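Descriptive analysis of the structure
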Amino acid sequence: MTNKEVAFVVIRHSNLVIRTSSASEPTQDKVMIHALLVDDEQPARDRLRQLLRAFDDIEIVGEAEDGERAIEKILELHPNLVFLDIQMPGCSGLEVVGSLPSPRPKIIFCTAFDQFAIDAFELSAVDYLLKPINRARLREAIERVRKLSAADMDGALEKANQAARTGPTRLLAKRGSKFRVISQPEILYFTSKDGLTQLHTHDQQYWMEPTLADLEKRLDPSGFCRISRAAIVNLDAVHEVIPLIGGHGEVLLKNSARLEVSRRRLRELIQKLEG
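So, helix H1 (residues 42–52)
Those residues of H1 not exposed but buried are Arg45, Leu48, Leu51 and Leu52. Looking straight down H1, one finds its buried side chains confined to an arc of 125°; they lie on one side. Tucked into the core, H1 has its buried residues touching strand S4 (33–38), strand S5 (58–64), strand S6 (81–85) and helix H5 (135–146).

Considerations on the nonpolar core
If you look at the biggest cluster of nonpolar residues, it comprises 41 residues, and the most contacted ones within it are Leu52, Phe83, Leu84, Val96, Phe109 and Leu138. At five residues, the largest contribution of residues to this core is made by S4. Sequence-distant contacts of Val96, that is, excluding residues within four places in its chain, are made with Gly67, Ala70, Ile71, Leu84, Met88, Cys91 and Leu172.

Regarding the sheet that holds strand S8 (residues 128–130)
Strand order in this open sheet of five strands is S5-S4-S6-S7-S8, and the pairing throughout is parallel. Strand pairing shows two members of the sheet lacking a second neighbour, S5 and S8, which therefore form its edges. Direction aside, neighbouring strands of the sheet carry axes that sit 20° apart on average. Relative to S5, S4 is paired through six bridges, and the arrangement is parallel. In the strand pairing of S5, Val38 is matched with Ala64. Packed on one face of the sheet, H1 meets S4, S5 and S6 and runs near 175° to S5. Taken strand by strand, helix H2 (residues 67–77) contacts S4, S5 and S6, and its axis lies near 140° from that of S5.

How each quantity is defined
Residues numbered from 1 in each chain as written. Predicted model: local features only at pLDDT ≥ 70, side-chain atom pairs only at ≥ 80, totals over all residues. Heavy atoms only, no water. Buried < 20%, exposed > 50% of the residue type's maximum accessible area, 1.4 Å probe, protein only. Helix = DSSP H or I, 4+ residues; strand = E, 2+ residues; numbered from the N terminus. Arc of directions from axis to C-beta. Contact = heavy atoms within 4.5 Å. Core = buried A, V, L, I, M, F, W, Y, C linked by side-chain atoms within 4.5 Å. Pairing = 2+ DSSP bridges. Axes fitted to C-alpha atoms, helices over the stretch in contact; angles between N-to-C directions.

Rendered as structure tokens:
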């Protein structure tokens, strides 16, 4: 081997690719990015898959064609990065984000021209790609999300959701092995039990990954109210508020369910119902 020749050995282990070289070449470590592609159109996923071949530190671990499958795949595969279409049948990309537990994976939204959504992304520092996606813009978006911490991404996603639509109008929740899209009017209340979140409709109960603290930040505050450490109610589902001795209270919902209201939350609940 001449002085100009350099030997490389590539060792793959877990998420890391470690390159070792001769003394004349500095060592470089790369963390592999596991990516999920979410788009309801197969040609769009194929195009993105082709473009991503140029990035040797990105591995595509799966694809999903709608919001329900996206959540299933994210929870199953734990990708570091999701390329997420905005306009999908059933539920939007923003509603998928609103249904995920924190910390969420890094997200790059993909969208046809939608000025309202774009303005929200610009304000929140969440990155987006306009279709049809080009190589230069893709590289720029990937470099941008590489620099964001998980906490920064989570905060940016919250801002984008709030700027785009005061809160998700639909959520995805699980019953058995299936995720279902549930519209806001169907939701009566959320509860927390043994560290798990339950979504309650008039006649069914579903499980959700986000905590009540996550949901409290994401839901439209004009439509929902946290009434205790263990519950959030849809204000449209409240039939009666009953103040009790000691300063706390109780709500009677339209399905006859009764929930406790803490002292700290009772005044806020009454003010929201009056407003």
